[in-house]
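Observations on the three-dimensional arrangement
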Amino acid sequence: MPQAHRNDGSVPPVGAQALYDEVTWADAVVRCADAANTANAGTVARRPLTAQPLRDRPGALLCGSCDLDTRPVLSAALGVVTRIPGPVVHLDLSGVAFLDAAAVAALVRANATVTGQGRRLLLHHPPYSLRKVVEMFPDECAALEVAA
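Starting afresh in each chain, residues are numbered from 1 along the sequence in its written order. Per-residue local features are limited, in this predicted model, to residues with pLDDT of at least 70; the limit for side-chain atom pairs, both in listing and counting, is 80 or more; totals at the level of whole chains, interfaces and linings are taken over all residues. The side-chain figures draw on all heavy atoms in the structure; neither hydrogens nor water molecules are used.

**Some remarks on the pairing of strand β2 (residues 59-66)**
Put simply, the rule is: Summary of the burial criterion: residues with accessible area below 20% of their type's maximum are buried, those above 50% are exposed, and those between are partly exposed, where the area comes from a 1.4 Å probe applied to protein chains only. Secondary structure elements are defined from DSSP: runs of H or I of at least 4 residues count as helices, runs of E of at least 2 residues count as strands, and each element is numbered from the N terminus. By definition, two strands form a pair when at least two bridges between them are found by DSSP. Crossovers are marked right-handed if the path from the first strand over the helix to the second runs clockwise, as seen with the strands pointing away from the viewer.
Counting buried residues in β2 gives 7 out of 8 residues, a clear majority hidden from the surface. In terms of strand pairing, strand β1 (residues 50-53) meets β2 through 4 bridges, oriented antiparallel. What sits directly across from Gln52, in β2, is Leu61. Counting the residues in the hairpin turn of β1 and β2 gives 5 residues. Here 7 bridges tie β2 to strand β3 (residues 88-99), and the two strands are oriented parallel to one another. Paired with Gly59 across the strands is His90, a residue of β3. Since β2 and β3 lie parallel, the crossover through helix α2 (residues 71-81) that links them has a hand, and here it is right-handed.

Take a look at the structure:
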């Protein structure tokens, strides 16, 4: 299969299964780019959302803003994240500037998917906006697990 994107040096962790190989991430990058172009036709996003695999553990790093403009990108990225193999999947949010309530709901759904598979989704470095949404909707967000 030909490469669909420029290789930026990001590689999945050693020993990862086929679902978490470079082809999967290449597909995700293409889908994210297509979704962003469709969602932002005629508009410019404040901070485009990107996702890339973590180098040291199974999971992904999100960077940008998670709002109405980037909702399709977030959906595509979380679709890949929920298919990453391993008992714990890590989602690093250190590069996320903002999460709206719908983005937090998407995280809750992704967590439910992973939990339904008998695994855990562990959030790292949540932005202030995530903490505020969790304060407003504690019951709905109770299942989200944040790394200490």
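**Regarding the pattern of salt bridges**
Where we set the bar: Criterion for a salt bridge: a side-chain nitrogen of Lys or Arg within 4 Å of a carboxyl oxygen of Asp or Glu.
Inspection of the entire model under this criterion finds 4 salt bridges. Put simply, Asp56 and Arg57 hold a salt bridge, and the shortest N to O gap is 3.4 Å. Residue classification places Asp56 among the exposed positions, given a relative accessible area of 60%. You can call Arg57 partly exposed: its relative accessible area is 23%.

**Observations regarding the sheet that holds strand β4 (residues 120-124)**
Note the threshold: Throughout, a contact is declared for two residues whenever any of their heavy atoms are within 4.5 Å. A fitted line through C-alpha atoms represents every axis, and for helices the fit uses only the stretch in contact; the resulting angles, taken between N-to-C directions, go from 0 to 180 degrees.
As summarised here, the arrangement of the 5 strands in space is β1-β2-β3-β4-β5, forming an open sheet in which the pairing is mixed. Of all strands in the sheet, those with a lone pairing partner are β1 and β5 (145-146), marking the two edges. Here β3 runs beside β4; their pairing, made up of 5 bridges, is parallel. The residue of β4 that forms the bridge with Val89 is Leu121. Packed on one face of the sheet, α2 meets β1, β2, β3 and β4 and runs near 170 degrees to β2. On the sheet, helix α4 (residues 128-136) packs against β3 and β4 and is oriented at approximately 100 degrees with respect to β3.

**Structural notes on the confidence of the model for the chain**
Rules: Within a predicted model, pLDDT stands for the predictor's per-residue confidence, ranging from 0 to 100.
Mean pLDDT for the chain: 78, with 68% of residues reaching 70 or above. Taken as a whole, residues 1-20 scores under 50 in pLDDT and shows 38 contacts with residues more than four places along the chain or in a different chain.

**Remarks on the nonpolar core**
As a reminder of what qualifies: To define a nonpolar core, start from buried Ala, Val, Leu, Ile, Met, Phe, Trp, Tyr and Cys residues and group those joined through side-chain atoms within 4.5 Å.
Leu62, Leu91, Leu93 and Leu99 are the most contacted members of the largest nonpolar core, which has 28 residues in total. Within the residue set of this core, elements represented by two or more residues are β2, α2, β3, α3 (101-116), β4 and α4. No other element matches α3, which puts 6 residues into this core.

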